[in-house]
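# Remarks on the overall topology
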Amino acid sequence: MKISIHPIVATIIVFLVIGISCRESAVDIISDTLEIEMASNVAKSFRKVVQKVLSIEQAEGAGARVRRSIGTRQLPDFDPFLMLDEFAVRKPAGFPDHPHRGFETVTYMTEGAFMHEDFTGRKGLIQPGDLQWMTAGRGIVHTEMPATDGDNRGLQVRVHATCGVYCARGVWCASAW
């Protein structure tokens, strides 16, 4: 059985697998692929770290704090990635109604749960291990609020929507690459 994965989803999975975490206080920017022949005759690729960027804690939403690594002054242009946040939120803080346009958000929960709802009435619970993909396209208003009383932790990456690509639900994406 062949499984096909969208390139952006594959990139996000790689981010999660290689352990990019804002809590580690750095995002490693890599280049210069090195290939090493392993004993099993399988070539493995490694890359050298060329720059480390510290994440910055900042206020977001209503009383919430996030640690942002991509989308800061140190790393403002990392196209197609607009932003990478690690969040740790407790009730009553959260991210009440706010708009998005021209990009996609991918949220991965590591602890607790978040309730997500958009202005069309679509809603769902995002729990540990869940990955939620939202295409903003021409615009959407949505809310993301903690669903449990303890810590609600996760990662969110925002990715430019490709200009001229026909997005989900028959909407042309609004933003250029």
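Preceding this paragraph is the structure being described.
All values reported here derive from a predicted model rather than from experimental measurement. (Residues numbered from 1 in each chain as written. Predicted model: local features only at pLDDT ≥ 70, side-chain atom pairs only at ≥ 80, totals over all residues. Heavy atoms only, no water.)

## Thoughts on the overall build of the protein chain
Our working rule: The way it works is that DSSP assigns letters per residue, a run of H or I at least four long becomes a helix, a run of E at least two long becomes a strand, and they are numbered from the N terminus. Contact definition: two residues touch when any of their heavy atoms are within 4.5 Å. Surface accessibility follows the Shrake-Rupley procedure with a 1.4 Å probe radius. Residue values consider only the protein chains on display as shielding.
For the protein chain, the helix and strand inventory stands at one helix and 14 strands. Counted over contacts in the protein chain with a minimum sequence separation of 6, partners at least 24 positions apart contribute 60%. Split by element, the accessible area of the protein chain, about 10,500 Å² in all, is 55% carbon and sulfur.

## Observations concerning unusual backbone geometry
Residue Pro-80 is bonded to the preceding Asp-79 through a cis peptide linkage, with omega at 15°. As for its position among the elements, Pro-80 is in the loop between β4 (64–70) and β5 (81–89). The amide bond that connects Lys-91 to the next residue, Pro-92, takes the cis arrangement and shows omega of 5°.

## Some thoughts on the pattern of salt bridges
Counted only if it meets this: In what follows, salt bridge is the name for a side-chain nitrogen of Lys or Arg lying within 4 Å of a carboxyl oxygen of Asp or Glu.
Across all of its chains, the model carries eight salt bridges by this definition. Taking the shortest distance from any N to any O, the salt bridge between Asp-151 and Arg-90 comes out at 2.8 Å. Linking Asp-151 in the loop between β11 (140–146) and β12 (152–160) with Arg-90 in the loop between β5 and β6 (95–100), this pair joins segments that are 61 residues apart in sequence. Here Arg-153 makes a salt bridge to Asp-151, at a shortest N to O gap of 3.5 Å. Because the salt bridges share partners, they merge into one network encompassing Arg-90, Glu-111, Asp-151 and Arg-153.

## Remarks on the environment of Glu-57
Threshold: In protein, a polar contact means a hydrogen-donor-capable atom and an acceptor-capable atom, both N or O and within 3.5 Å, with residues adjacent in sequence counting only if both atoms are side-chain atoms; elsewhere, any N or O pair within 3.5 Å suffices.
With respect to the element layout, Glu-57 can be found in strand β3 (residues 56–60). When the C-alpha atoms of Glu-57 and Phe-87 are compared, they prove to be 9.5 Å apart, with 30 residues separating the residues in sequence. In contact with Glu-57, not counting residues within four places along its chain, are Arg-65, Val-66 and Arg-67. Only 3.3 Å separates the side chain of Glu-57 from the side chain of Arg-65, close enough to count as a polar contact.

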